[in-house]
Amino acid sequence: MSLYAAFRSIGAYVPEKILTNADLETMVDTSDEWIIKRTGIKERRIAEEEVTSDMGAKAAQLAIDRAGLTNDQIDLVVCATVTPDYFNMPSTATVISDKLNIRNVQAFDISAACSGFVYGLSVARAFIESGMKKNVLIIGAEKFSSIVDWTDRGTCILFGDGAGAAVISATEDKSEAIIDVHASADGAYTDMLITPAPGSVHPMNQANLDAGLQYVQMKGNETFKLAVKTLTKDVKEILEKNNINAADIPHFIPHQANYRIIKAVGDALGMREDQVVLTIHKYGNTSAASIPMAINDLYEAGGLKYGELMLFDTFGGGLTWASAVLPFAGKDV
Ligand code: ACO
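Note that the structure is predicted; figures quoted are calculated from it, not measured.

Points about the packing of helix α8 (residues 220–241) against helix α9 (residues 259–269)
1) Next: Between α8 and α9, whose axes approach to 9 Å, the crossing angle comes to 35°. Crossing handedness for the pair α8 and α9: right-handed. Counting all contacts with α8, which are made through Phe224, Ala227, Val228, Leu231, Thr232, Val235, Lys236 and Leu239, the residues of α9 involved are Arg260, Ile261, Ala264, Val265, Ala268 and Leu269.
2) Next: Here the residues of the contact of α8 with α9 are counted per class, giving 11 nonpolar, one polar and two charged.

Describing the state of the cysteines
1) Next: By the definition in use, this model includes zero disulfides.
2) Next: Cys79 carries a free sulfur, and the closest cysteine sulfur to it, the one in Cys114, is 14 Å from it.
3) Next: Of the residues examined, Cys79 reaches a relative accessible area of 0% and is grouped as buried.
4) Next: Cys156 carries a free sulfur, and the closest cysteine sulfur to it, the one in Cys114, is 16 Å from it.

Some details on the layout of surface pockets
1) Next: Taken as a whole, the largest pocket holds about 690 Å³ of empty space.
2) Next: Contributing to the lining of the largest pocket are 29 residues, with Val82, Ser111, Leu193, Ile194 and Thr195 lying nearest its centre.
3) Next: Looking at the lining of the largest pocket residue by residue, the classes come out as 17 nonpolar, 11 polar and one charged.
4) Next: A domain-level breakdown of the lining of the largest pocket finds at least three residues from each of domain 1 (4–174) and domain 2 (180–327).
5) Next: Taken as a whole, the second largest pocket holds about 520 Å³ of empty space.
6) Next: Considering the residues around the second largest pocket, the lining is formed by 31 residues, among which Leu158, Met218, Gly220, Phe224 and Asn258 are closest to the centre.

Examining the site of the ligand
1) Next: Around the ligand, 28 residues are found, and the nearest of them are Thr30, Arg38, Cys114, Asn221 and Asn258.
2) Next: The separation between an oxygen atom of the ligand and a polar main-chain atom of Gly220 is 3.0 Å.
3) Next: Measuring from an oxygen atom of the ligand, one finds a backbone N or O atom of Gly317 at 3.0 Å.
4) Next: For the ligand, the protein covers 75% of the area, taking 1,000 Å² as the surface of the free molecule.
5) Next: Those elements that provide at least two residues to the shell around the ligand are α2 (32–39), α6 (153–156), α8, α9 and β12 (309–316).
6) Next: Among the elements that make up the shell around the ligand, the one with the highest residue count is α8 (four residues).
7) Next: For the shell around the ligand, the class distribution of residues is 13 nonpolar, 11 polar and four charged.
8) Next: Composition of the shell around the ligand by domain shows at least three residues from each of domain 1 (4–174) and domain 2 (180–327).

A word on helix α11 (residues 290–300)
1) Next: For α11, the tally of buried residues reaches 10 of 11 residues, placing the bulk of the element in the interior.
2) Next: Considered for burial, the residues of α11 that qualify are Ser290, Ile291, Pro292, Met293, Ala294, Ile295, Asn296, Asp297, Leu298 and Tyr299.

Thoughts on the pattern of salt bridges
1) Next: Inspection of every chain in the model, using the stated rule, returns 14 salt bridges.
2) Next: With its nearest N and O atoms 2.9 Å apart, the salt bridge here joins Asp98 to Arg103.
3) Next: Overall, Asp98 belongs to the partly exposed group, its relative accessible area being 44%.
4) Next: In this structure, Lys282 engages Asp297 in a salt bridge whose closest nitrogen and oxygen atoms are separated by 2.6 Å. Of this pair, Lys282 sits in helix α10 (residues 280–283) while Asp297 sits in helix α11; the two residues are 15 residues apart in sequence, bridging distant segments of the chain.

Rules used in this analysis
- Residues numbered from 1 in each chain as written.
- Predicted model: local features only at pLDDT ≥ 70, side-chain atom pairs only at ≥ 80, totals over all residues.
- Heavy atoms only, no water.
- Axes fitted to C-alpha atoms, helices over the stretch in contact; angles between N-to-C directions.
- Helix = DSSP H or I, 4+ residues; strand = E, 2+ residues; numbered from the N terminus.
- Left-handed = near helix turned anticlockwise from the far one by under 90°.
- Contact = heavy atoms within 4.5 Å.
- Nonpolar A, V, L, I, M, F, W, Y, C, P; charged D, E, K, R; others polar.
- Disulfide = S-S within 2.5 Å.
- Buried < 20%, exposed > 50% of the residue type's maximum accessible area, 1.4 Å probe, protein only.
- 1 Å grid on protein atoms, 1.4 Å probe; cavity = no way out; pocket = protein on both sides within 12 Å on 5 of 7 lines; lining within 4 Å.
- Points joined across faces, edges and corners; volume = space filled by probe spheres on them.
- Domains from an automatic or database assignment.
- Near = heavy atom within 4 Å.
- Polar contact = N/O pair within 3.5 Å; in protein donor to acceptor, adjacent residues only side chain to side chain.
- Areas by Shrake-Rupley, 256 points an atom, 1.4 Å probe, with all protein chains shown as cover.
- Salt bridge = Lys/Arg side-chain N within 4 Å of Asp/Glu carboxyl O.

Encoded structure:
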């Protein structure tokens, strides 16, 4: 008897406060027109009182409920985030477990920036297919606004806050199985996207704070070019390896970093507009939360049905990147 991993449910949480491009025009030297043209972003959500684990716990509870499970049936909690509640312990996964009253199970964080959720998927799949776990909760949650320098127009216009979560469960039905997950990294590019402090290289001290090392720094244009090149290659490879035609994927759900990256990769695959899920205009880049938030939007709009194929791709700090192809194995909304 073989065990497979099935993507059983999705949930998300979006904070209430909306920060529009017009708001940003009053904060930095930018314009609504520039932001829309270069990124596709119109607005993003900002968490005020809420922290990463609050958003993650809300998304996770929805995912557990939609999987038809109770919280005590979850046997592994994985949270992907680069904006954890604490740098660096306890993990945000353990804080979320406490908020959900999930006790005495393994819980840990994944640090893979925007690729974190798909990295989490590969971890969940491995634990399930090896028979070690039955119901794995994976969460992508970010309070990115907490590491953004609101005077840096090159980064502050891009990011937003939010959370998404999924339950991955064991199944014996091969038609429900995650088909493939690619997850890769190249540490030669660490300086492309980095929050230098706090850490052992740049500890938390006044000089480092005064230098603004606690904020995200990005070489935007170089990252952009690498993202298009790497993702196009990676997604083509995962489809070819599994003998799947891009035309047969109803839902291409890319990481929402920049509309132009999504369009370039979609065009290289010959994707039609109706295949591509877009949320960038309303949420901006929510890092590890971006893909599950986009899946949830599609699901709640009634656009994602049991058995339909999804294709994910993502690229982020590290540099890391990942792609996955899998059927949705949850109940229709
Ligand atoms: N408003 C107006 N002008 C701006 C702004 C702004 N907000 N930001 C930059 N500019 C200016 C620059 O100063 C530059 O001016 P100059 O020509 O006078 O020097 C000009 O616009 C062009 O700047 P570029 O950086 O070359 O612009 P680009 O077209 O590359 O767009 C962007 C910048 C949107 C950041 C893009 O490079 C991008 O999306 N990069 C990839 C982001 C990404 O995918 N990151 C990975 C995931 S994130 C994660 O892992 C957490």
